[in-house]
Structure formats: structure tokens, C-alpha cells
Amino acid sequence: MVNEQEASDRKQILKLVAQYAEKYHQRKPYEAGHRINYAGRVYGKEEMSALVDSALEFWLTAGKHTEQFEREFADYLGSQFCCLVNSGSSANLLAFMALTSPLLEERTIKRGDEVITVAAGFPTTIAPIVQYGAIPVFVDVTIPEYNIDVTLLEKALSHKTKAVMLAHTLGNPFDIKAVMEFCKKHNLWLIEDNCDALGSKYILDDKVNYTGTIGDIGTSSFYPPHHMTMGEGGAVYTDNPLLNKIIRSMRDWGRDCSCPSGMDNLCGHRFDKQYGQLPMGYDHKYVYSHFGYNLKATDMQATIGVEQLKRMPEFIEKRIHNFNRLADGLKELEDKIILPQATESSEPSWFGFMLTCKEGVSRDKMVQFLEYNGIQTRMLFAGNMIKQPCFDEMRKDNHGFRVVRALTNTDIIMRDSFWVGVYPGMTDEMIDYMIEKIYEFIRNARV
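These notes cover the structure that comes with them. Small disclaimer: the values here were computed from a predicted structure and weren't measured.

## Points about empty space enclosed by the protein
As enumerated under the stated definition, the model contains three cavities of 30 Å³ or more in all. In this structure, the largest cavity spans a volume of roughly 50 Å³. Together, 13 residues line the largest cavity, and Gly40, Val42, His226, His227 and Phe315 are the ones closest to its centre. The residue makeup of the lining of the largest cavity, split by class, is six nonpolar, five polar and two charged. In this structure, the second largest cavity spans a volume of roughly 50 Å³. Around the second largest cavity, the lining residues are Pro144, Glu145, Tyr146, Thr169, Leu170, Asn172, Pro340, Gln341, Trp350, Gly352 and Met354. For the lining of the second largest cavity, the residue count by class is six nonpolar, four polar and one charged.

Structure representation (C-alpha cells):
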């Protein structure tokens, strides 16, 4: 119970925090010559006050603020269940490992089963598949959407195929209609890696859906460059009650008990049931139905997420504005560079602006020129994942993965593509400066 003096002291502390945030954490106006980062945190006194308020409670693990975030994030997406975790990579690990649960019976993914994915993307979309001992099956992508070429899905199918696991690249949804039809036809799981696409929409059967909520499981990342942040953090969401049960079990050490941290015996049967070959009445808090992890985030992170979630509409609007300003400003260069294109039936919440250099324009030289002029750039993450050093041993005897036809466009992206940011902290002056420097490089480019 908080007494009157404690409440007063706390109110004074939070007032000072808000003043401090406004004085020392205001974003400085952009001036020509300042470095333009591809991404960054956009926050204010609300996030800092919420963080300190939670810190004063000194509840250092998941608690009431975590539950609040999970509830409000699920409501935002229109999803039934949300599970907060400590990173987007953990979210992908948890989403995949949930599909290995024996509770799924004949649909359980087992070692040696195949999962269709792409090599053009981020490693942790693929890592859980490889680390578990399943087989990633790599399919090429399309340009300028930079997502899976759905015409190759049937060619990727085998009697071992159990799932499809794909990211929405830089906020641009993959062809969900085609992928969902394929998955339903063959009774396959679909994991949507939504880490770069929070707030993106896809129209399916005349209904507007947020990406991440159409497949069986969706994942998000709240790392600082992403659409919203809580520093580190991620989420796994689903409409399937059984999958939610498995996800929460595996997040919390694999335990069978669903009591929140700090609470005991909510079911009233803590000591009166038989589990496995344990003695009758063994403490249910220490019964493990899965091999799990501790992937929880903290309440302090969750409080930041609650405040960031309120900003999502303005964040999305600004990302779209910045993307469109870049696209309009660069359209006269389409004979030299390929500009990104939204997938049909989609409304992307763009994470970045992808550029692919055509013949006669060097990607490496353009990147060096932009970086020299203070414009931060990024590759499309791994480029072609199977050419990364971590695949060296697997590549020697083509063991542990399968490739469907040539990854032609994937290699083009690895060699000729890069992206710049469109995050909400960017101003029109920053966007216009990027356009100016890209034009300057193209004008001076040599074959």
C-alpha cells in the first residue's frame, strides 16, 4: 500500500524526470553536414517517466507492466495472444521451437523435416531451423519487392516439408495470399517474421490485416532501429490457444505451470497431480513439459513499450511520408537504379528504402560515397545467407540445407543492393540531402 508521503515523493521524482527529458533529451535540429543515421530512437518524457516509475517499484522481472503491454499490443494488432520476450531473435527462436512441441502431434516439426525460407534476409530467421536440426529450403526472391518468389513454392515442396518461415522484407509484405493458399493446401505452418514490418497491412479476402497476424505465428523486434523500441525486446503472437500455451511454456523454462512470477497455486492443484514419472503430487511449479528457456523481458522495458505503442500511428505515417518523398525524388534515376515497389494488396510500414544498382553503377562506390558524405547505409543483412562464413561447413558437402534452383536475384541483391533509412526521426531536409547526394553520385558515375 503506497502511503501519502511516498506518493508525493514519487510524483516529485517523475516531475523532475520529465523536466530532465525535455531539457536534455530533445532531438536537436538537423543541420547540413550532420550524419544521417539509417535509424534511431524516437521518444520523449513519457517513455523516460514510465521507465523511472517502473524502476521505483524495483520489480526487476516480468510483472504487471509486461501483462499490460502484452494485452495492449495484442489489441493493437487484433491478435488473440501476445508473449513479450527479450529480443526479436528470441521471438523467432520461440516461434519456431513452439512448432517442435509434441503437443502438436502429427504436425510437430522433427529433426530432418524441411522449412521453406529465403537466403536474402537476416540470420535469425534461419538460425532456429538450422540449430534444431531441421532443413532450411532456400527459394529465390523477386526484385523490386525483395520477397519470396511464390512461383517456386511448389518446386520447394517435398514429403518432408512442415512449415514456411519468412520475413516481410524492410516492411514490404510478401505475397501472403499466395503463401497462405500454399500452406493451407499442404497443411503447413506459417511463421511471419514481422520484425521489420510492424504496422504494415495486407488486404486478404477484402479484410485489412496487420502483417504478423495472418499466419500461425508472428514475431516482432523492439531493438532501437525498429518501428518502436524498448531497447531490447520482442514479441510472439498468435490466435491459436495451443500454440500460445506452448510459446509461454517455452519462454518460461519449459514449465508446465502457468502461474505468473511471484504467484503460487492459482489452479488450486499445485500438489495433487501426477506428471510423467515424477512422484504423485510433485510440485507443479517445477514440472517441465518442454525443453525451454528464460526469454522474458523486464517490466522496465515493458513500460517503455506501452508508451511507444501510443506513438505507432504517427511513426507509421512518418515512415510512409519519408519513403514516398525518397521515391518521388529519385524516380528520374530509374534508368540507373531500381527503386523498391510495394507488394500488390499491401500497405507497407517501411523499415528502409532499398536501392539496386543497374549495370554501370557500382554499389560499393555509391555506398562509400554516401557514407563519406554522412549518410549511413546498410546491406540487406546477410545478402545471401548460404555464402556467409557460418555456412562454410554445411556448404562443403551441401549438407543440412537445400536450394531450389539458382538464387539469382539473391546474388544480385548481395552484389548490387543496399538501403537507406526512412525512420520517423528523419526530416524533409535530411531526405532531400540524401536525394541530392544520390543524384550527385549518379551524375559522376563511370562505367
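## Focus: the nonpolar core
Of all hydrophobic cores here, the largest spans 54 residues; its most connected members are Phe73 and Leu330. Broken down by element, the residue count for this core peaks at nine residues, all from helix H14 (residues 428-444). In this structure Leu330 touches Leu339, Phe353, Leu355, Ile435, Ile438 and Tyr439, once residues within four positions along its chain are discounted. If you look at the next biggest cluster of nonpolar residues, it comprises 33 residues, including Ala120, Val137, Tyr202 and Ile413.

## Quick notes on the pairing of strand S9 (residues 234-238)
Of all five residues making up S9, five are buried, and the element is well covered by its neighbours. With burial as the criterion, each face of S9 is covered, one bearing Gly234, Val236 and Thr238 and the other bearing Ala235 and Tyr237. Here five bridges tie strand S1 (residues 81-85) to S9, and the two strands are oriented antiparallel to one another. Counterpart to Cys82 in the pairing with S9 is Tyr237.

## A word on the environment of Phe271
Turning to its location among the elements, Phe271 is positioned in the loop between helix H8 (241-251) and helix H9 (299-310). Residue Phe271 is classed as exposed on the basis of its relative accessible area, which comes to 52%. It is 38 Å that separates the C-alpha atoms of Phe271 and Tyr76, two residues lying 195 residues apart in sequence. Apart from the residues within four sequence positions on either side, Phe271 is in contact with Gly281 and Asp283.

## A closer look at unusual backbone geometry
Ile143 connects to Pro144 through a cis peptide bond whose omega is 25°. For Leu170, which is not glycine, the phi torsion reads 50° and is therefore positive. For Leu170, the position within the fold is in the loop between strand S4 (161-167) and helix H7 (176-186). For Leu170, a relative accessible area of 3% corresponds to the buried category.

## Re the packing of aromatic side chains
Throughout the structure, instances matching the rule amount to 17 aromatic pairs. Measuring from centroid to centroid gives 6.0 Å for Phe96 and Tyr132, while their planes differ by 70°, and the two rings are edge-to-face. Of this pair, Phe96 sits in helix H4 (residues 88-98) while Tyr132 sits in helix H5 (residues 127-132), and the two are 36 residues apart along the sequence. Using a relative accessible area of 13% as the deciding quantity, one classes Tyr132 as buried. Members of the aromatic cluster, joined through ring pairs, are Tyr38, Phe122, Phe351, Phe381 and Trp419. Residue placement shows Arg107 over the ring face of Trp189; its charged tip is 3.6 Å from the ring centre. Between Arg111 and the ring centre of Tyr132, over which it is positioned, the NZ or CZ distance is 4.3 Å.

## Some words on the layout of surface pockets
Over the atoms, a rolled probe matching the size of one water molecule traces out where space is still vacant. Each pocket or cavity is described by its volume, and for the largest pocket that value is around 640 Å³. As for the largest pocket, its lining consists of 27 residues, and the residues nearest its centre are Gln26, Arg27, Lys28, Arg41 and Tyr423. Here the residues of the lining of the largest pocket are counted per class, giving 11 nonpolar, eight polar and eight charged. Considering only enclosed or pocket space, the second largest pocket measures out at about 520 Å³ in volume. Put simply, the parts of the chain that give the lining of the second largest pocket at least two residues each are H4 and strand S2 (114-118). Examining the composition of the lining of the second largest pocket, we find that three residues originate from one element, H4, more than from any other. Along the lines of polarity and charge, the residues of the lining of the second largest pocket split into 15 nonpolar, 13 polar and four charged.

## Points about the pattern of salt bridges
Note that side chains of opposite charge can pair when their charged atoms are close. Scanning the entire structure with this criterion turns up 27 salt bridges. Here Asp432 and Arg325 are joined by a salt bridge, their closest N and O atoms 2.9 Å apart. Taken together, the residues span a long stretch of sequence, with Asp432 in helix H14 and Arg325 in helix H10 (residues 312-330) at a distance of 107 residues. We classify Arg325 as partly exposed; its relative accessible area is 29%. One salt-bridge network, in which partners are shared between bridges, spans Glu70, Arg248, Arg251, Asp252 and Arg255.

## Description of the side chain of Asp193
Within the secondary structure, Asp193 is located in strand S5 (residues 189-193). Leaving out residues up to four positions away in the same chain, Asp193 has contacts with Asn92, Thr125, Leu166, Ala167, His168 and Thr219.

About the thresholds
Residues numbered from 1 in each chain as written. Predicted model: local features only at pLDDT ≥ 70, side-chain atom pairs only at ≥ 80, totals over all residues. Heavy atoms only, no water. 1 Å grid on protein atoms, 1.4 Å probe; cavity = no way out; pocket = protein on both sides within 12 Å on 5 of 7 lines; lining within 4 Å. Points joined across faces, edges and corners; volume = space filled by probe spheres on them. Nonpolar A, V, L, I, M, F, W, Y, C, P; charged D, E, K, R; others polar. Core = buried A, V, L, I, M, F, W, Y, C linked by side-chain atoms within 4.5 Å. Buried < 20%, exposed > 50% of the residue type's maximum accessible area, 1.4 Å probe, protein only. Helix = DSSP H or I, 4+ residues; strand = E, 2+ residues; numbered from the N terminus. Contact = heavy atoms within 4.5 Å. Pairing = 2+ DSSP bridges. Phe/Tyr/Trp six-rings, centres within 6.5 Å; stacked < 30°, edge-to-face > 60°. Lys NZ or Arg CZ within 6 Å of the ring centre and 35° of its normal. Salt bridge = Lys/Arg side-chain N within 4 Å of Asp/Glu carboxyl O.

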